[in-house]
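Residue-level listing of the chains:
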Amino acid sequence: MKIGLIPIDNRPCTMQFPCQLGRIIKTEIIIPPAEILGDFLQPGNTPAIRNWVMEKAAQLDVLIVSVDMLCYGGLINSREGVINPDEAIEGLKVFARLKEIHPQLHIMGFNVIMRTSVTVRDDKTAVYGRDLGEYLFLNYKEKNSDLSVHEKKRLNLLDNRIPPELLQEYCAVRMRNHQVNSEVLLSLARGDLDFVILCQEDATLYGPHKEEQMKLEEQIISLGLNDDVVIYNGTDEAGMLLLARVLNFERKAMPVFAFNFVPWEGRNNIPPFEDRPLAENVKLQCTVAGIIPVFIQEKKPFMEQGFIADAMTIINCSHRQKGEDWLGPISPTVERDFAVGDFLRLVQEIRLPLGVADLRFANGGDPGFLKELAERIGLFNLAAYAGWNTSGNSLGTVLAHLSVFLAACEQEEERADWDLHYGFLLNRFLDDVIYQAGIRQRLIKLISDQEDFGSVYRLSPKGCVAAAKYLQDFMMLEAWSFYELYIKEKEFTGQPLGKGKIKVDFHGVTTGLPWGRLFEADIKAKISILPEV
């Protein structure tokens with residue numbers, strides 16, 4: 001099978017992750033040349049991308065397309081008003097041309113429902129973004145419920161503080177993007193697309209996105225597209241989820257994933273940057289990936305749950321109504337107010353592929369929980385792990401990696417590349433926990449203390465050099481320490497499950513800051529997997 005992917009931008013999570021997962025099972029995924037995909041504030045070359053997909057389509061079995069890249073030049077440019085509605089909609093005509101020439105090509109598209117903020121480029125836009133997000137929340141909350149006295153004062157203050165021209169521009173961009181989303185549904189109804197996901201990017205319980213979602217849902221029903229469209233919280237994981245869908249449907253069996261929320265009551269909380277309860281988003285992402293979700297009942301032994309599962313996912317979530325954020329104004333409290341050791345002891349007795357969605361904190365994993373996993377279960381006894389950025393991003397990564405793992409287990413042993421599987425897993429530990437919840441906090445202080453290093457949102461050339469060196473030096477030290485503590489001299493169950501024991505050799509790690517800011521890093525560990533003799 002050969003899959004074409006037009007990613008939403010060129011960040012590692014959106015461009016590299018799907019390709020890395022595909023290589024584990026020797027599935028070829030081709031993407032446009034890097035030079036036409038753009039960069040942080042440089043939009044992709046949309047005419048070149050459209051030409052590329054027309055040229056490559058004859059080679060493909062499946063095409064996964066970011067509509068934002070196809071129509072605007074990427075996620076960042078989709079938040080700008082540079083492209084007018086007619087120009088954006090023109091990009092959608094590619095789907096009709098593809099289907100006319102290659103009717104057998106299975107085309108899946110994903111597009112974003114705009115966030116309730118703006119792109120943060122510097123300290124000034126960071127303040128404006130926070131103000132705008134709060135204003136939109138309070139403004140739309142007022143339409144649906146009563147505001148407190150404090151909230152009314154805040155709304156009035158923000159109404160006077162936000163420049164009218166900026167708010168007007170933001171609303172115009174929202175209107176254009178909503179129009180394009182509506183046109184995507186019409187393309188789907190005409191048969192130009194086979195499946196669509198509409199990804200709700202960073203949002204809250206109230207805001208203009210809720211009205212847009214309602215209108216889109218009404219259109220979906222009126223066009224009879226209920227089985228062909230999913231609206232859920234997330235964005236950066238979309239390419240991986242659609243890859244999982246391809247693999248699970250190719251296996252001709254929708255896998256059953258059992259989900260266990262820790263703590264149980266956390267399933268009903270709305271994670272930061274999202275607009276619906278966690279359990280609801282789990283179900284929606286499973287629908288995208290072609291997975292049947294079942295929720296383990298609290299305090300009931302697994303063998304008495306009344307279902308048979310292909311894999312199990314632990315969701316480490318917050319018991320607080322408002323989750324915590326490593327990049328928020330208050331540093332998260334790592335200590336838990338309940339014990340997880342007893343729970344993990346029970347989990348390790350269940351002989352199922354195990355994934356961990358580490359969703360307790362936004363923008364980084366939970367170091368305490370990872371330590372418990374290492375000591376109780378063994379990190380390389382996991383089949384998948386993620387704890388980066390938003391809840392939806394991490395959840396989608398775990399669902400995709402677990403799906404790839406199941407597909408790999410069904411292949412002949414020499415076909416699956418288990419070095420790549422374990423490498424992807426180790427990269428998640430190093431990136432999501434060691435970097436995002438640790439080293440990045442120190443880098444933020446380093447940049448903030450030096451006036452000529454730029455902003456944490458966009459480093460100066462001097463700041464880029466200093467931050468890149470600091471990251472490489474400290475990641476190498478932290479990675480070796482992590483390896484010595486949790487991996488070296490440890491025995492892990494070979495994969496597929498039950499096929500002997502393995503040991504892991506660690507050969508170092510390379511790092512980078514691809515967008516010249518601290519929000520994301522490019523971290524790649526070098527390892528080899530050895531059978532235990």
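This is a predicted model, so every value here is computed, not measured. (Residues numbered from 1 in each chain as written. Predicted model: local features only at pLDDT ≥ 70, side-chain atom pairs only at ≥ 80, totals over all residues. Heavy atoms only, no water.)

Trainee: Would you take a moment to explain the overall build of the protein for this structure?
Mentor: Helices and strands together make up the secondary structure of the protein, namely 16 helices and 18 strands. The C-alpha atoms of the protein give a radius of gyration of 23 Å, which matches the 24 Å a tight globule of 533 residues would have. The dimensions of the protein, computed from C-alpha atoms along their principal axes, are 65 × 55 × 50 Å. Across the 533 residues that make up the protein, the buried fraction comes to 60%. The long-range fraction of contacts in the protein, counting pairs at least 24 apart against all pairs at least 6 apart in sequence, stands at 78%. Here the protein has roughly 22000 Å² of accessible surface; of this, 53% comes from carbon and sulfur atoms. Taking the average location of the 57 positive side-chain charges in the protein and that of its 73 negative ones, the two points are 2 Å from each other. (Helix = DSSP H or I, 4+ residues; strand = E, 2+ residues; numbered from the N terminus. Rg over C-alpha atoms; globule rule 2.2 N^0.38 Å. Buried < 20%, exposed > 50% of the residue type's maximum accessible area, 1.4 Å probe, protein only. Contact = heavy atoms within 4.5 Å. Areas by Shrake-Rupley, 256 points an atom, 1.4 Å probe, with all protein chains shown as cover. Lys, Arg positive; Asp, Glu negative; His and termini not counted. Charge placed at Lys NZ, Arg CZ, Asp CG, Glu CD.)

Trainee: Can you walk me through the pairing of strand β6 (residues 229-233) in this structure?
Mentor: Remember that side chains alternate between the two faces of the sheet whenever the strand is regular. The buried fraction of β6 amounts to five of the five residues, a majority that puts the element mostly inside the structure. Because side chains alternate across β6, one face comprises the buried residues V229, I231 and N233, and the other comprises V230 and Y232, equally buried. Relative to β6, strand β5 (residues 195-200) is paired through five bridges, and the arrangement is parallel. Within the sheet, the bridge partner assigned to C199 lies in β6 and is Y232. (Pairing = 2+ DSSP bridges.)

Trainee: Explanation requested: unusual backbone geometry in the structure shown.
Mentor: Peptide bonds are trans in most cases, and residues, glycine excluded, mostly fall at negative phi. Cis peptide bonds are those with omega within 30 degrees of zero, and the linkage from V262 to P263 qualifies with 0°. Assignment of secondary structure puts P263 in the loop between β7 (256-262) and α11 (278-289). For N363, which is not glycine, the phi dihedral falls at a positive 65°. Mapped onto the elements, N363 comes out in the loop between β12 (361-362) and α13 (367-376). Phi is positive for N389, close to 50°, though the residue is something other than glycine. Residue position: N389 is located in the loop between β13 (384-386) and α14 (391-410). Under the relative-accessibility criterion, N389 is labelled buried at 12%.

Trainee: Please explain the packing of helix α10 (residues 238-250) against α14 as it appears in this structure.
Mentor: One can describe the packing of α10 onto α14 by two numbers: an axis separation of 8 Å at closest approach and a directional angle of 30°. Regarding the angle of α10 to α14, the classification is roughly parallel. Of the two elements, α10 crosses α14, and the hand of that crossing is left-handed. Contact residues: M240, L241, A244, L247 and N248 in α10; G396, T397, L399, A400, S403 and V404 in α14. (Axes fitted to C-alpha atoms, helices over the stretch in contact; angles between N-to-C directions. Parallel < 35°, antiparallel > 145°, perpendicular 65-115°, else oblique. Left-handed = near helix turned anticlockwise from the far one by under 90°.)

Trainee: So what exactly am I meant to see when it comes to the packing of helix α15 (residues 418-448) against helix α16 (residues 461-486) here?
Mentor: Describing two packed helices takes the angle between their axes plus the distance from one axis to the other. As a packed pair, α15 and α16 sit with axes 10 Å apart at the nearest point and diverge in direction by 135°. Here α15 is positioned oblique relative to α16, judged by the angle of their axes. Classified by chirality, the crossing of α16 by α15 is right-handed. Two secondary-structure elements touch here, α15 through L426, F429, L430, I434, Y435, I439, R442, L443, L446 and I447 and α16 through G463, A467, Y470, L471, F474, M475, E478, A479 and F482. Of the residues assigned to the contact of α15 with α16, the class counts are 16 nonpolar, one polar and two charged. (Nonpolar A, V, L, I, M, F, W, Y, C, P; charged D, E, K, R; others polar.)

Trainee: Please explain the sheet that holds strand β9 (residues 311-316) as it appears in this structure.
Mentor: Two strands in a sheet stick together by hydrogen bonds in their backbones, pointing the same way (parallel) or opposite ways (antiparallel). Taken in spatial order, the five strands line up as β8-β7-β9-β11-β13 in an open sheet, and their pairing is parallel. Looking along the sheet, the strands with just one partner apiece sit at the ends: β8 (292-295) and β13. Here the average twist between neighbouring strands, direction ignored, is 20°. Bridge count between β7 and β8: four bridges; the pairing is parallel. Each residue of the ladder has a partner; that of F259, found in β8, is F295. The sheet strands contacting α14 are β7, β9, β11 (354-358) and β13, and the helix crosses β13 at an angle near 165°.

Trainee: I'm lost on the state of the cysteines in this one. Help?
Mentor: One pass over the structure, following the stated rule, counts zero disulfides. Free cysteine C13: the closest other cysteine sulfur is in C19, separated by 12 Å. As a non-bridged cysteine, C464 has C13 as the owner of its nearest cysteine sulfur, 18 Å distant. Assessed through its relative accessible area of 27%, C464 is described here as partly exposed. (Disulfide = S-S within 2.5 Å.)

Trainee: How should I be thinking about the pattern of salt bridges in this particular structure?
Mentor: Oppositely charged side chains can form a pair if their charged atoms are brought close together. Taken as a whole, this structure holds 31 salt bridges when the rule is applied. For E201, the salt bridge identified is with R79, shortest N-O distance 2.4 Å. Here R79 lies in the loop between α3 (67-72) and α4 (85-90) and E201 lies in the loop between β5 and α9 (208-222), a separation of 122 residues in the sequence. Salt bridges sharing partners connect three or more residues here, namely R79, R115, E201 and D202. (Salt bridge = Lys/Arg side-chain N within 4 Å of Asp/Glu carboxyl O.)

Trainee: Looking at this model, I keep getting lost on the side chain of D192. Mind explaining?
Mentor: Residue placement: D192 occurs in the loop between α8 (164-190) and β5. A distance of 3.4 Å separates polar atoms of two side chains, one belonging to D192 and the other to R190. Filtering out sequence-adjacent residues up to four positions away, D192 remains in contact with F95, A96, K99, I107 and S187. (Polar contact = N/O pair within 3.5 Å; in protein donor to acceptor, adjacent residues only side chain to side chain.)

Trainee: Can you help me understand the sheet that holds β6 in this one?
Mentor: Spatial strand order, β2-β1-β3-β4-β5-β6: six strands in an open sheet with parallel pairing. Edge positions in the sheet fall to β2 (28-30) and β6, since each of these pairs with one other strand and no more. Taken over all neighbouring pairs, the strand axes of this sheet differ in orientation by 20° on average, direction set aside. Contacts from α9 reach β4 (106-113), β5 and β6 within the one sheet, and its direction differs from that of β6 by about 165°. Sheet strands in contact with α11 are β5 and β6, and its direction is about 140° off that of β6.

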